[in-house]
Amino acid sequence: MSDATPRDSHTLRLAVSPDGQPREAVSRAAELLRAGQLVAFPTETVYGLGADATNPAAVEGIFAAKGRPHSDPLIVHIAEMRQLPDVVSHVPDSAARLAERFWPGPLTLVLPGAASIPASVTAGGDTVGVRMPSHPVARLLLAAANVPVAAPSANRFMHTSPTTAAHVLADLDGRIACVLDGGPATVGVESTVLDLTTEPARVLRPGGVTLEELREVLPDVLGPRRSEASSEREELTATAARAPGQMPRHYAPHTPLVVFDAPGQAGRDAVRREAERALAGGQRVGALLSDEDARALADLPVRVEPLGPSADLAGISRRLYAALRSLDDGSLDLLLAHTFGKHGMGLALEDRLRRAAGGTLRPV
Ligand code: TXA
Ligand code: MG
């Protein structure tokens, strides 16, 4: 096939347009999935590392390829509502209404799991996370495979999630059968994970669907545990119980990252002070900044990855992981950033930046 680029390492890269042409490439990837192979594919959030969710041996391959512990459950991806009963044992009315509004899209619903889903997918629990992605390539692949597909983000465990096929290959080349390259992800951070097995429902991981949007459908949805916890210890204990896999350190670059806990001018000033201090100590400094921040720091010898206008949180989310990976090329000693508030995508950005920084934000 002309669009297949064989690599020495045997990970097959199949290029497709964002709307899934040529179809032969999608069919070939679907055949690999059905044969129990691992296939990375684009979703609107990040690239996923897919395996047939009904095939325990295939699912096992995901943990091996990622170096991921079995305590971390996987999200099951479906193409159509008719597949939902194959994955979950009960669909509450709230799930039906949320699916109606947000599927296909970046929302994962945690529901009582169906008996046919292997224990490795659910980390031995009785619930399963399920979502219907909106990316046309993901939809075509899932439809052609015609099986539910378990897919974590296609990065090595704890590393920054991939938003391009090149990111996937940087982490997993030679460890997986195939990557379907459909161009960069458009949302850029992972799906919102919403637990519907508790009353009221609670966000376990903020993501591509905002808390405000969820509350338009379910007014009493609780936000992520952290925002209400009175202490770090309480937060960690509570999160470990309800949200397996939500590690305080995650999405992490190899270069140390400090994230200041303030949006706007206060965050920008804190980044400047720390950059000046580190530069004076001979450190090589990089920063993830809005365009406005970048202009304000233009007089300093800091390598900046501009994330876009500060008012465009969707754009900042889309660029965040690529910027983190780009600054993490070994040429810098310290990376700096600040948060973007708690409204809309600000919550997901804060969560990912905190974890990328090792689990804590630096007070300002
Ligand atoms: O956007 C996304 O969700 C991407 C794309 C590929 O769909 N996937 C993704 O998967 O981010 P992963 O494995 O990197 O993160 C999934 C997280 C798990 O770490 C876990 O915290 C949570 O979702 N999760 C999955 N199943 C769960 C369950 N049954 N109960 C509680 N949390 C669950
Ligand atoms: Mg992940």
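This text goes with the structure placed above it.
Below, the structure is looked at part by part.

About the thresholds
Residues numbered from 1 in each chain as written. Chains lettered and ligands numbered in written order. Predicted model: local features only at pLDDT ≥ 70, side-chain atom pairs only at ≥ 80, totals over all residues. Heavy atoms only, no water. Salt bridge = Lys/Arg side-chain N within 4 Å of Asp/Glu carboxyl O. Helix = DSSP H or I, 4+ residues; strand = E, 2+ residues; numbered from the N terminus. Buried < 20%, exposed > 50% of the residue type's maximum accessible area, 1.4 Å probe, protein only. 1 Å grid on protein atoms, 1.4 Å probe; cavity = no way out; pocket = protein on both sides within 12 Å on 5 of 7 lines; lining within 4 Å. Points joined across faces, edges and corners; volume = space filled by probe spheres on them. Nonpolar A, V, L, I, M, F, W, Y, C, P; charged D, E, K, R; others polar. Near = heavy atom within 4 Å. Polar contact = N/O pair within 3.5 Å; in protein donor to acceptor, adjacent residues only side chain to side chain. Areas by Shrake-Rupley, 256 points an atom, 1.4 Å probe, with all protein chains shown as cover. Pairing = 2+ DSSP bridges. Axes fitted to C-alpha atoms, helices over the stretch in contact; angles between N-to-C directions. Contact = heavy atoms within 4.5 Å. Parallel < 35°, antiparallel > 145°, perpendicular 65-115°, else oblique. Left-handed = near helix turned anticlockwise from the far one by under 90°. Core = buried A, V, L, I, M, F, W, Y, C linked by side-chain atoms within 4.5 Å. Phe/Tyr/Trp six-rings, centres within 6.5 Å; stacked < 30°, edge-to-face > 60°. Arc of directions from axis to C-beta.

**Quick look at the pattern of salt bridges**
- Considering all chains together, one arrives at 18 salt bridges under this definition.
- The partner of aspartate 171 in a salt bridge is arginine 325, with the nearest N and O atoms 3.3 Å apart. A residue pair is termed long-range when its members are at least 10 positions apart, and aspartate 171 in helix H7 (residues 165–172) and arginine 325 in helix H12 (residues 313–327) qualify at 154 residues. Both residues of the pair, aspartate 171 and arginine 325, belong to the buried class.
- Taken together, the shared-partner salt bridges in this structure form one network comprising Glu190, Asp351, Arg352 and Arg355.

**Regarding empty space enclosed by the protein**
- Considering all chains together, one arrives at one cavity of 30 Å³ or more under this definition.
- Counted as a void, the largest cavity has a volume near 50 Å³.
- Contributing to the lining of the largest cavity are Thr192, Val203, Pro206, Gly207, Val209, Thr210, Leu211, Leu214, Gly344, Leu347 and Ala348.
- Listing elements by their share of the lining of the largest cavity, those giving two or more residues are helix H8 (211–217) and helix H13 (346–356).
- When grouped by side-chain class, the residues that make up the lining of the largest cavity number seven nonpolar, four polar and no charged.

**A few points about the site of ligand 1**
- If you check the shell around ligand 1, you find 25 residues, and the closest are Thr45, Asp72, His77, Ser191 and Gln246.
- Within the side chain of arginine 131, one N or O atom sits 3.0 Å away from an oxygen atom of ligand 1.
- In this structure, an oxygen atom belonging to ligand 1 sits 3.0 Å away from a side-chain N or O atom of serine 153.
- Here ligand 1, which alone exposes 680 Å², has 98% of that area covered by the protein.
- When residues in the shell around ligand 1 are grouped by element, the largest group, four residues, is from strand S7 (residues 127–131).
- Of the residues that constitute the shell around ligand 1, the class distribution is 11 nonpolar, nine polar and five charged.

**A short note on the sheet that holds strand S13 (residues 285–289)**
- Strand order in the open sheet formed by four strands is S12-S15-S13-S14, and the pairing between neighbours is parallel. Each edge of the open sheet is held by one strand with a lone partner, namely strand S12 (257–260) and strand S14 (303–306). Each strand axis lies, on average, 20 degrees off the axis of its neighbour in the sheet, ignoring direction.
- Sheet topology note: the S12/strand S15 (residues 334–338) ladder contains four bridges and is parallel. Pairing of valine 259 across the sheet is with alanine 337, part of S15.
- Each of S12, S13 and S15 is contacted by helix H10 (residues 264–280), which is oriented at about 165 degrees to S15, the strand it contacts most.

**Details of the side chain of threonine 163**
- Relative to the elements of secondary structure, threonine 163 occurs in the loop between strand S8 (149–150) and H7.
- Residue contacts for threonine 163: discarding those within four places in its chain leaves Thr45, Val46, Tyr47, Gly183, Pro184, Ala185, Gly188, Tyr321 and Ala322.

**A closer look at the packing of helix H1 (residues 23–34) against helix H6 (residues 136–145)**
- Relative to each other, H1 and H6 sit at 50 degrees, their axes nearing to 8 Å. Regarding the angle of H1 to H6, the classification is oblique. Crossing of H1 against H6: the hand is right-handed. Here H1 contributes Arg23, Val26, Ala29, Ala30, Leu33 and Arg34 to the contact with H6, which in turn contributes Leu140, Leu141, Ala144 and Ala145.
- When grouped by side-chain class, the residues that make up the contact of H1 with H6 number eight nonpolar, no polar and two charged.

**A word on the packing of H12 against H13**
- H13 packs onto H12 with a crossing angle of 15 degrees between their chain directions and a minimal axis gap of 10 Å. By the angle class used here, H12 and H13 are roughly parallel. Here H12 and H13 pass one another in a crossing that is left-handed. Here Leu313, Ile316, Ser317, Leu320, Tyr321 and Leu324 of H12 come into contact with H13, specifically with Gly346, Leu349, Arg352, Leu353 and Ala356.
- Here the residues of the contact of H12 with H13 are counted per class, giving eight nonpolar, two polar and one charged.

**Some thoughts on the nonpolar core**
- Membership of the largest hydrophobic core comes to 50 residues, with the highest contact counts inside it found for Leu98 and Leu194.
- Broken down by element, this core gets its largest block of residues, five residues, from helix H2 (residues 56–66).
- Excluding residues that lie within four positions of it along the chain, leucine 194 makes contacts with Leu98, Leu107, Thr108, Leu109, Val110, Ala201, Arg202, Val203, Leu214 and Val221.
- Core analysis: the next-biggest nonpolar cluster, separate from the first, contains 25 residues, Val259, Ile316, Ala323 and Leu353 among them.

**Examining the pairing of S14**
- Examined bridge by bridge, S13 and S14 share four bridges and lie parallel to one another. Across the sheet, the residue bridging to alanine 287 is valine 304, located in S14.

**Topic: the packing of aromatic side chains**
- Applying the stated criterion across every chain yields a total of one aromatic pair.
- Judged by centre distance (5.9 Å) and plane angle (15 degrees), the rings of tyrosine 251 and tyrosine 321 are stacked. Here tyrosine 321 lies in helix H12 and tyrosine 251 lies in the loop between helix H9 (232–242) and S12, a separation of 70 residues in the sequence. Like tyrosine 251, the residue tyrosine 321 is buried in the burial classification.

**Quick look at H6**
- Along H6, the residues classified as buried are Val137, Ala138, Leu141, Leu142 and Ala145. Along the axis of H6, the buried residues cluster in a sector spanning 125 degrees; they form a single face.
- Those residues of H6 that are buried are in contact with H1, strand S3 (39–41), strand S5 (75–77), S8 and strand S9 (178–181).
- Phi for asparagine 146, located one or two positions after H6, is positive at around 55 degrees.

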